[in-house]
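# Structural characterization, general
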Amino acid sequence: METMINVIVNGVLGKMGAESGRAIDADPGLDLVAGLDVGADLALSISQHAADVVLDFTNPTVVRQNVETIIDAGAHAVVGTTGLSETDLAELDARAKVKGVGVLVCPNFAIGAVLMMEFAAKAAQYMPHVEIIEYHHNQKADAPSGTAIKTADLIAESNPQVNVIPLVETELVKGARGGTYKNIPIHSVRLPGYVAHQEVILGGLGQTLRIRHDSIDRESFMPGVCLAIKKVASLTGLTYGLEKVL
Ligand SMILES: NC(=O)c1ccc[n+]([C@@H]2O[C@H](COP(=O)([O-])OP(=O)(O)OC[C@H]3O[C@@H](n4cnc5c(N)ncnc54)[C@H](OP(=O)(O)O)[C@@H]3O)[C@@H](O)[C@H]2O)c1
């Protein structure tokens, strides 16, 4: 018989936390031992419930502290919350290695989004003029999205020559050309009606290629969330991206 994994959802009253709680409840290999939100004692709850894994879907302002608490309590962490910087990732990796636990940070749990990122990175090897547009609901706390940052990381890694020729242009309205990360302009749209969407546009002579992914419902993330929870215990240190455990 499959061993049950004891899971805590942190941020359970939020949009992603609530959806994840339902998905974990429905998964016969996972036992939802607690759902926590603002004001709960995370470290105490981990020890009281003998939690194996904590899934964090909280807020960019608190995610680093939460992951430190999870590591120090000796549990594994699956992190969907955005906002961890490259420095945060490196320092959490070192901390997790000392404790011998796994931390799996996934900017996007949807398999289609993971493929979109990989296809974009591949395409940028042949079409080095690239911009990213991401679209989210208007309650999203941060911009750009973690998926957009991860996409830009993968593109820049795949082809360091993207957008190297500077454009001659004047920005009449500040921000009109988006924010630039790893030499790639990222444009963030925030409107009610969207869930999570992104397109990567690659331009060439006389042609454009658009690679687009749409999460039209938060259930799109749930198979990836449950898979990440099942895989994280096999990792030591920090792993960045769902594709590493597919
Ligand atoms: N990786 C992915 O695939 C993916 C997909 C979608 C979203 N996200 C990211 O996941 C995060 C959550 O998104 P969401 O849409 O679910 O946000 P949300 O609806 O605002 O939910 C966040 C929840 O966490 C709570 N919270 C805040 N600080 C906390 C703390 N210190 N301890 C425990 N709970 C705390 C919030 O309470 P209050 O409302 O009282 O502050 C809220 O209930 C965001 O960073 C978002 O960008 C990732």
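Up top you'll find the structure we're talking about.
Quick summary incoming for the structure in this document. As a convention, each chain's residues are numbered from 1 in the sequence order in which they are written. Only residues with pLDDT of at least 70 get local features here, since the model is predicted, and only at 80 or more are side-chain atom pairs given and counted; chain-wide, interface and lining totals rely on the full set of residues.

Attention now goes to the sheet that holds strand β10 (residues 207-215). Strands are labelled as partners when DSSP assigns at least two bridges between them. The way it works is that DSSP assigns letters per residue, a run of H or I at least four long becomes a helix, a run of E at least two long becomes a strand, and they are numbered from the N terminus. Strands sit in the order β7-β8-β6-β9-β10 across an open sheet of 5 strands; the sheet is mixed. The sheet terminates laterally at β7 (179-181) and β10, the two strands that pair on one side only. Across the sheet, the mean angle separating the axes of adjacent strands is 25 degrees when strand polarity is ignored. Bridge analysis of β7 against strand β8 (residues 184-190) gives 3 bridges, and the strand direction is antiparallel. Note that in β8 the partner of T180 across the bridge is P185. Here the contact rule is simple: place C-beta atoms from the backbone, and any two residues whose C-beta atoms are within 7 Å are in contact. Interaxial angles span 0 to 180 degrees and are taken between N-to-C directions of axes, which are lines fitted to C-alpha atoms, for helices over the stretch in contact. Along the sheet face, helix α5 (residues 111-123) touches β9 (196-204) and β10 and points at about 165 degrees away from the line of β10. On the sheet, helix α6 (residues 146-158) packs against β6 (129-136), β7, β8 and β9 and is oriented at approximately 165 degrees with respect to β6.

Turning our eyes to something else, we now look at unusual backbone geometry. Residue P144 is reached from A143 by a cis peptide bond, and omega for that bond is 0 degrees. Despite not being glycine, A50 has its phi angle at roughly 45 degrees, a positive value. Of note, A50 is situated in the loop between α2 (42-48) and β3 (53-56). Each residue is classed by its C-beta neighbour count within 10 Å, where at least 20 other C-beta atoms makes it buried, 12 or fewer makes it exposed, and intermediate counts make it partly exposed; the C-beta atoms are placed from backbone geometry. Residue classification places A50 among the exposed positions, given that 9 C-beta atoms sit within 10 Å. We note that N183 has phi near 75 degrees; this positive angle belongs to a residue other than glycine. Within the element layout of this structure, N183 appears in the loop between β7 and β8.

Of the two faces of strand β4 (residues 76-79), the one holding H76 and V78 and the one holding A77 and V79 are both buried throughout. With 4 bridges joining them, β3 and β4 adopt parallel strand pairing. Counterpart to L55 in the pairing with β4 is V78. Look down the strands so they point away from you; if going from the first strand over the helix to the second traces a clockwise path, that crossover is right-handed. Taking the sense of rotation as the criterion, the β-α-β connection linking β3, helix α3 (residues 63-72) and β4 turns out right-handed. Examined bridge by bridge, β4 and strand β5 (residues 102-105) share 3 bridges and lie parallel to one another. From the neighbouring strand, V79 faces β5, where its bridge partner is V105. In this view, the connection linking β4 to its parallel neighbour β5 by way of helix α4 (residues 86-99) has right-handed handedness.

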